[in-house]
Amino acid sequence: MARCTVRVELPNADYDDYQNLHERMSHNGFHKYIKSNDGVWYNLPNAEYNYDGNLDLEGVFQSAINVAKSVRVNAKVLVTESAGRLWYNLDKI
């Protein structure tokens with residue numbers, strides 16, 4: 001089981017491309033929000049996703065690539081597995 005932060009950039013993309021990406025990422029277990037230890041939900045910065053599920057790091061990576069490439073073939077993807085995360089000044093949902 002992996003907890004990952006995923007960053008996806010779509011070069012030369014427009015608003016509709018990113019909306020399409022957000023929808024597809026959500027359907028594949030990647031979300032634009034994160035939950036704190038005290039149960040409060042926060043929105044992630046632009047182009048960032050949270051994954052907390054049953055895939056391992058490689059599985060998360062391949063899934064993110066496949067989703068991103070379904071929107072833009074030249075997508076840029078970075079996946080970082082987390083042992084813990086801290087954040088500052090994110091907006092509460």
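These remarks concern the structure in this document. Numbers given for residues are sequential positions, taken from 1 along each chain in its written order. With pLDDT at 70 or above as the cut-off, local features in this predicted model cover only qualifying residues; side-chain atom pairs require 80 or more to be listed or tallied, and sums for whole chains, interfaces and linings still use all residues. Calculated side-chain values reflect all of the structure's heavy atoms, with hydrogen atoms and water omitted.

Another point: the nonpolar core. Definition of nonpolar core: a set of buried residues of the types Ala, Val, Leu, Ile, Met, Phe, Trp, Tyr and Cys, connected through side-chain atoms within 4.5 Å. Whether a residue is buried, partly exposed or exposed follows from its accessible area with a 1.4 Å probe, protein chains only, as a fraction of its type maximum: under 20%, in between, or over 50%, in that order. Residues Val 6, Val 8, Leu 21, Met 25, Phe 30 and Val 60 are the most contacted members of the largest nonpolar core, which totals 17 residues. Note on conventions: DSSP H or I runs of at least 4 residues are helices, E runs of at least 2 residues are strands, and numbering of each starts at the N terminus. Per element, the largest residue contribution to this core is five residues, and it comes from helix H2 (residues 57–71).

We now examine the sheet that holds strand S2 (residues 30–31). With antiparallel pairing, four strands are arranged side by side in an open sheet as S2-S5-S1-S6. Each end of this open sheet is capped by a strand with a single partner; those strands are S2 and strand S6 (76–81). By definition, residues are in contact when any of their heavy atoms lie within 4.5 Å. Between the N-to-C directions of two axes lies an angle of 0 to 180 degrees, each axis being a line fitted to C-alpha atoms and, for a helix, fitted only over the stretch in contact. Running over the sheet, helix H1 (residues 15–27) touches strand S1 (2–9), S2 and strand S5 (48–53) and is turned about 165° from S1. Along the sheet, H2 makes contact with S1, S2, S5 and S6, crossing S6 at roughly 155°. The criterion for strand pairing is that DSSP finds at least two bridges linking the strands in question.

The span expected for a helix works out to 1.5 Å for each residue beyond the first. With 15 residues, H2 ought to run about 21 Å at 1.5 Å a step, and its terminal C-alpha atoms sit 22 Å apart, in line with that. All of the buried residues along H2 are Val 60, Ser 63, Ala 64, Ile 65, Val 67, Ala 68 and Val 71. Looking at the buried positions of H2, the neighbouring elements they touch are S1, H1, S2, S5 and S6.

What follows concerns the side chain of Ser 36. One can find Ser 36 in the loop between strand S3 (33–35) and strand S4 (41–43). Under the relative-accessibility criterion, Ser 36 is labelled buried at 12%. With sequence-adjacent residues up to four places away left out, Ser 36 is seen in contact with Tyr 42 and Trp 87.

Next up on the list: the pattern of salt bridges. Two side chains that carry opposite charge are able to pair once their charged atoms sit near each other. Only one rule defines a salt bridge in this text: a Lys or Arg side-chain nitrogen within 4 Å of an Asp or Glu carboxyl oxygen. In the structure shown here, the tally under the stated rule is four salt bridges. With a shortest N-O distance of 3.0 Å, Arg 7 and Glu 9 are connected by a salt bridge. Judged by its relative accessible area of 29%, Arg 7 falls in the partly exposed class. Take Glu 9: its relative accessible area is 33%, and that puts it in the partly exposed class.

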